[in-house]
Amino acid sequence: MKKLIIAIDGYSACGKSTTAREVARELGYRYIDTGAMYRAVTLYFIDHHIALTNPKEIERALSQIKVSFVVNSKGISETFLNGVNVEREIRTMRVSENVSRVSALKAVRMAMVEQQRRMGKEKAVVMDGRDIGTVVFPQADLKVFLVAEMLVRAFRRQKELLEHDDLVDIDSIIENLRQRDSIDSTRAESPLRKADDALEIDTTHITIEEQVDEVLRLALTKMIRHQNQQP
Ligand code: DC
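No experiment lies behind these values; they were computed from the predicted model shown. (Residues numbered from 1 in each chain as written. Predicted model: local features only at pLDDT ≥ 70, side-chain atom pairs only at ≥ 80, totals over all residues. Heavy atoms only, no water.)

Outline the pairing of strand β1 (residues 5-10), listing residues and values.
Of all six residues that make up β1, six are buried, and the element is covered over most of its length. Burial of β1 is two-sided: the residues I5, A7 and D9 facing one way and the residues I6, I8 and G10 facing the other way are all buried. Of the pairings in the sheet, the one linking β1 to strand β6 (residues 125-129) comprises five bridges and is parallel in character. The residue of β6 that forms the bridge with I6 is V126. Strand direction decides the pairing type here: β1 and strand β7 (residues 142-147), joined by five bridges, are parallel. Residue pairing for β7: D9 is matched across the bridge by F145. (Buried < 20%, exposed > 50% of the residue type's maximum accessible area, 1.4 Å probe, protein only. Helix = DSSP H or I, 4+ residues; strand = E, 2+ residues; numbered from the N terminus. Pairing = 2+ DSSP bridges.)

Describe the packing of helix α3 (residues 55-63) against helix α5 (residues 106-119), listing the residues and the values that go with them.
For the pair α3 and α5, interaxial distance at closest approach is 10 Å and the crossing angle is 20°. Comparing the axis directions of α3 and α5 gives the class roughly parallel. In terms of crossing hand, the pair formed by α3 and α5 is right-handed. Residues I58, E59 and L62 of α3 form the contact with α5, whose participating residues are A107, V108 and A111. (Axes fitted to C-alpha atoms, helices over the stretch in contact; angles between N-to-C directions. Parallel < 35°, antiparallel > 145°, perpendicular 65-115°, else oblique. Left-handed = near helix turned anticlockwise from the far one by under 90°. Contact = heavy atoms within 4.5 Å.)

Lay out the site of the ligand with the relevant residues and their values.
With respect to spatial proximity, 17 residues lie near the ligand, and among them R39, R109, D131, R180 and R187 are the closest. At a separation of 3.2 Å, an oxygen atom of the ligand approaches a polar side-chain atom of S100. One of the side-chain N or O atoms of R130 is found 3.0 Å from an oxygen atom in the ligand. Starting from 450 Å² of accessible surface for the ligand in isolation, the protein chains cover 98%. Mapping the ligand onto the cavity grids shows that it belongs to the largest pocket. Taken together, the elements giving at least two residues each to the shell around the ligand come down to α2 (34-47), α4 (93-103) and α8 (170-186). (Near = heavy atom within 4 Å. Polar contact = N/O pair within 3.5 Å; in protein donor to acceptor, adjacent residues only side chain to side chain. Areas by Shrake-Rupley, 256 points an atom, 1.4 Å probe, with all protein chains shown as cover. 1 Å grid on protein atoms, 1.4 Å probe; cavity = no way out; pocket = protein on both sides within 12 Å on 5 of 7 lines; lining within 4 Å. Sits in = over half its atoms within 2 Å of the grid points.)

For the nonpolar core, give the residues involved together with the corresponding values.
Among the nonpolar cores identified, the biggest contains 35 residues, and V41, F45 and V108 are the most heavily contacted of them. If you list the elements that add at least two residues to this core, you get β1, α2, α3, β3 (67-71), α4, α5, β6 and α6 (132-136). With eight residues, the single largest contributor to this core is α2. Those residues within four positions of V41 in sequence are excluded, and the remaining contacts are L62, I65, V102, V108 and M112. Core analysis: the next-biggest nonpolar cluster, separate from the first, contains 22 residues, L4, A20, I201 and V215 among them. (Core = buried A, V, L, I, M, F, W, Y, C linked by side-chain atoms within 4.5 Å.)

Geometry only, nothing functional implied.
Structure below.
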């Protein structure tokens, strides 16, 4: 079977990561959460008080940052920043409130996109983010773009935070999602947008299982079509 690059883009809290992780598990592919990479950079910037207006400081900081993923004993990929597990910390509101401004910086994007391309070189990868189908892998074999209604997204994010004992009121979550949608889709550097050849899935009224099944169906269709084209 042909090994695919599967790009899953879309707005925050539409179920991208959960879908991408499950699709990767089902196919035996590698899963790369690019949002986690931007979150890890943001955490480093906060902890080291990096001034977002100082290009030299940003460059120096980026040269000190290594983001990696390690699969834990439960088979779940976790994010490491310079060898330290930061999976929990990068999901907190402190990081969520700053990540869109950090990920809008050109130097940050260039550094992360280069790493992401290296990670996907061998194919057999599911990558989720905002610009995977448009910038990181415009030649991806399958591009999916997820959308959902705001309230559903906010409740999903609240549940996720609660799983980490972080109780955040729904209005603050909606405000944060709105702000991030706006910054992510209006920034100058690779703004969030659906690639022309991406397939849109509205996840408002479907379950995670249905989302996963739909992406798997699309992936298998691509594989079969490719196989049938072989001599
Ligand atoms: O998917 P997420 O919510 O964990 O992503 C966190 C932030 O990172 C999001 O607000 C926008 C940014 N991001 C990005 O700019 N490009 C990506 N490929 C992935 C995430």
